[in-house]
Amino acid sequence: MRENRWQGNSVGGSWRDMTLDNARNFAAQALELARQASALGEVPVGAIVVHQGRVIGQGHNQPRALNDPTAHAEIMAIRAACAALGTDRLAGCDLWVTLEPCAMCAGAIAHARIARLHYAASDPKGGAVEHGPRLFQQPTVLHKPEVYAGVGEADAAALLKAFFVERR
């Protein structure tokens, strides 16, 4: 399920006035974090949390480096953003990530009350937003962010593909 394809239209409201250039900038910041993960031998996924146009949290995959299976890019970015705001709720925040979130990360997004999720590449094998359990479509999930897919998709998908080709 792709609830929305990011079109770059201005539809009113502060975050909604975002231009395609702004969206590409946030996607590029997440992609740079994914490159950092790749350089460390981690699956190349990067994420940033944006509040009022400013990055307040960022992260990249680090499960191997930290010996922590929960150290996904989204979780790391959410933790940093919560610390920056001094709260466990990220209402009004956007999460930009290079890959469709897994079930664990989608659950964390719901619990953090992220307002909008923007992800670049789809993940038919491990994704849980438009694939797999489609978590935000489940009636037991009490918070469902607006979901936008596709900004930076080609670059994110190419980085992931190159990473896995190198390891096979």
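Residues numbered from 1 in each chain as written. Predicted model: local features only at pLDDT ≥ 70, side-chain atom pairs only at ≥ 80, totals over all residues. Heavy atoms only, no water.

Trainee: So what exactly am I meant to see when it comes to the overall build of the protein here?
Mentor: Scanning the protein from N- to C-terminus turns up five helices and five strands. In sequence order, the protein lays out its α and β elements as α-β-β-α-α-β-α-β-β-α. Looking at the protein residue by residue over its 168 residues, the buried ones come to 48%. Put simply, of all contacts in the protein between residues at least 6 apart along the chain, 57% involve residues at least 24 apart. (Helix = DSSP H or I, 4+ residues; strand = E, 2+ residues; numbered from the N terminus. Buried < 20%, exposed > 50% of the residue type's maximum accessible area, 1.4 Å probe, protein only. Contact = heavy atoms within 4.5 Å.)

Trainee: Got a minute to help me understand unusual backbone geometry in this structure?
Mentor: Excluding glycine, residues mostly carry a negative phi; peptide bonds, for their part, are mostly trans. For Asn-67, which is not glycine, the phi torsion reads 50 degrees and is therefore positive. In this structure, Asn-67 sits in the loop between helix H2 (63-66) and helix H3 (73-85). Overall, the relative accessible area of 70% leaves Asn-67 in the exposed class.

Trainee: I'm lost on the packing of aromatic side chains in this one. Help?
Mentor: Each aromatic ring pair is described using two quantities: the centre-to-centre distance and the angle formed by the ring planes. Applying the stated criterion across every chain yields a total of two aromatic pairs. A centroid spacing of 5.6 Å and a plane angle of 40 degrees characterise the contact between Phe-26 and Trp-96, whose relative ring orientation is tilted. With a gap of 70 residues between them, Phe-26 in helix H1 (residues 20-39) and Trp-96 in strand S3 (residues 93-99) connect regions that are remote in the sequence. For the pair Phe-26 and Trp-96, a shared accessibility class is recorded, and that class is buried. Ring geometry for Phe-163 and Phe-164: centres 5.1 Å apart, planes at 85 degrees, overall edge-to-face. Judged by its relative accessible area of 4%, Phe-163 is buried. By relative accessible area, Phe-164 is classed as partly exposed at 29%. Between Arg-167 and the ring centre of Phe-163, over which it is positioned, the NZ or CZ distance is 3.6 Å. (Phe/Tyr/Trp six-rings, centres within 6.5 Å; stacked < 30°, edge-to-face > 60°. Lys NZ or Arg CZ within 6 Å of the ring centre and 35° of its normal.)

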